[in-house]
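# A closer look at the structure
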Amino acid sequence: MKAVWYERTGLAREVLQHGEVPSPTPGRGQVLIRIHASGVNPSDAGMRAGPAPMAYPRIIPNSDGAGVVEAVGPETPARWVGQRVWFYNGQRNGRAFGSAAEYIELDADLVTPLPDAVSFAEGATLGIPCMTAHRSVFVAGPVQGRTVLVTGGAGAVGLYAVQLAKWAGATVIATVSSEAKAARAQAAGADLVVNYRSEDVAARVRDFTARAGVDHVVDVDFGGNLAVTLACVKGNGSVAFYATKGEPAPRVPAGELMRLNLNVHGVYLPVSPHEARRRAQADILQWISTGPRLLPVAGRHALADCAAAHEQVESGTKAGTVVVEPFGS
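Structural notes, computed from the coordinates. Worth saying up front: this structure is predicted, and the values here are computed from it rather than measured. (Residues numbered from 1 in each chain as written. Predicted model: local features only at pLDDT ≥ 70, side-chain atom pairs only at ≥ 80, totals over all residues. Heavy atoms only, no water.)

### A word on the overall build of the protein
For the record, the criterion: In this description a helix means any DSSP run of H or I spanning at least four residues, a strand means any run of E spanning at least two, and both kinds are numbered starting from the N terminus. Computation of the radius of gyration draws on C-alpha atoms, with the globule rule given as 2.2 Å multiplied by the number of residues to the power 0.38. Any residue under 20% of the maximum accessible area for its type is buried, any over 50% is exposed, and the rest in between are partly exposed; the area is computed with a 1.4 Å probe on protein chains only. We get accessible surface area from the Shrake-Rupley algorithm with a probe of 1.4 Å; when it comes to residues, only the shown protein chains can shield them.
The helix and strand inventory of the protein stands at 11 helices and 15 strands. Over its C-alpha trace the protein gives a radius of gyration of 20 Å, about what one expects of a compact globule, namely 20 Å for 329 residues. Each principal axis of the C-alpha distribution contributes one length, and for the protein these read about 60 × 40 × 35 Å. Within the protein, the proportion of its 329 residues that are buried is 53%. Carbon and sulfur atoms form 52% of the exposed surface of the protein, whose accessible area is close to 13,900 Å².

Below you can see the structure in the form of structure tokens.
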């Protein structure tokens, strides 16, 4: 089969190679998927760029994707054959070979049916971003009737967090950094959108909630947003963060967190509890099956031009998920 791989870290155009590699065979409990779209996450590009050492001698990048199951391994239900599916963690948790290829063999546990109304490219945008959003929204419990603040509400994870929280019955506040991103968050269903570059987020939140604050925060930058978060969240509230790039090692005011009786959850999908990931897959399937959703595809590239896809992700200008299509659109 054709695939893209790297054997050293570095710039995409310098280390990514395109060519033929052996086709995989599904093992016990696995399915073989013909990949129609491979999703590129920032973590995929970051692992390829380094500076961390190579985890394996050869890596086929990209963890998410969508396609059609062509075969199953021993002890795998035959009903999977012919199904359209989306998947996640293709190149994670002990796996060296991800979705930048024509085929992937994967544990059926990581695979979810893809409704006919959802394109393969859209399906490839789910995976890690949507699974992370789900865990971040629901890690502290149900959100029906509650107010949820989503920071970075137009990002790959944030946009899904806004939609899933609304789907679950929450009132949603989203922060963004531009008018264009505000329009995306509003289209996703946010009840209030605040531009954190030009507005006082805490003041807008206090006004909107009659000074009560929010019940739960889904946070794209725990360290960078900590002061604002503490000014927005109510007592006995909760925070779930999935990144902290603004301040990787923040000084945490433990006394204030204690007085708020605040629950703080770090979210890292690859090691999240199995039952939480299974619930996320089931909820996401129901969510995408019950109405049109915003599943934004930021760019589409041929497999041979996977380097351009990684470069688009690294540019920081994408609006959604960049996909690579091994068999064309």
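### Digging into unusual backbone geometry
Of note, the bond from Gly-50 into Pro-51 is cis; its omega dihedral lies within 30 degrees of zero at 10°. Topologically, Pro-51 is positioned in the loop between α2 (42-49) and β4 (64-72). Residues other than glycine seldom take positive phi values, yet Arg-211 does so here, at roughly 70°. Structurally, Arg-211 is set in the loop between α7 (201-208) and β11 (214-219). Residue class for Arg-211 comes out exposed when judged on its relative accessible area of 63%.

### Looking at helix α11 (residues 306-315)
As a reminder of what qualifies: Contacts: residue pairs with any heavy atoms within 4.5 Å of one another.
Within the span of α11, buried status applies to Cys-306, Ala-307, Ala-308, Ala-309, His-310 and Val-313. Tucked inside the fold, the buried residues of α11 contact β1 (2-5), α1 (12-15), β3 (30-40), α2, β14 (297-302) and β15 (321-325). Positive backbone phi, at 80°, marks Gly-316, one or two positions downstream of α11.

### Section: the nonpolar core
This is how the line gets drawn: Here the nonpolar core consists of buried residues drawn from Ala, Val, Leu, Ile, Met, Phe, Trp, Tyr and Cys, with membership extended through side-chain atoms lying within 4.5 Å.
Of all hydrophobic cores here, the largest spans 60 residues; its most connected members are Ile-33, Trp-86, Val-111, Leu-126, Ile-284, Trp-287 and Ile-288. Residue contributions to this core peak at 7 residues, all from helix α5 (residues 156-167). Not counting the four nearest positions on each side in its chain, Leu-126 is found in contact with Asp-64, Trp-86, Tyr-160, Ile-284, Trp-287, Ile-288 and Leu-295. Formed by 24 residues, the second largest nonpolar core is a distinct cluster that contains Met-1, Ala-12, Leu-16 and Ile-59.

### Comments concerning the environment of Val-40
As for its position among the elements, Val-40 is in strand β3. For Val-40, a relative accessible area of 1% gives the class buried. Separated by 266 residues in the primary sequence, Val-40 and Cys-306 place their C-alpha atoms 9.2 Å from one another. Aside from chain neighbours lying at most four places away, what touches Val-40 is Asn-62, Ala-309, His-310, Val-313, Thr-321, Val-322 and Val-324.

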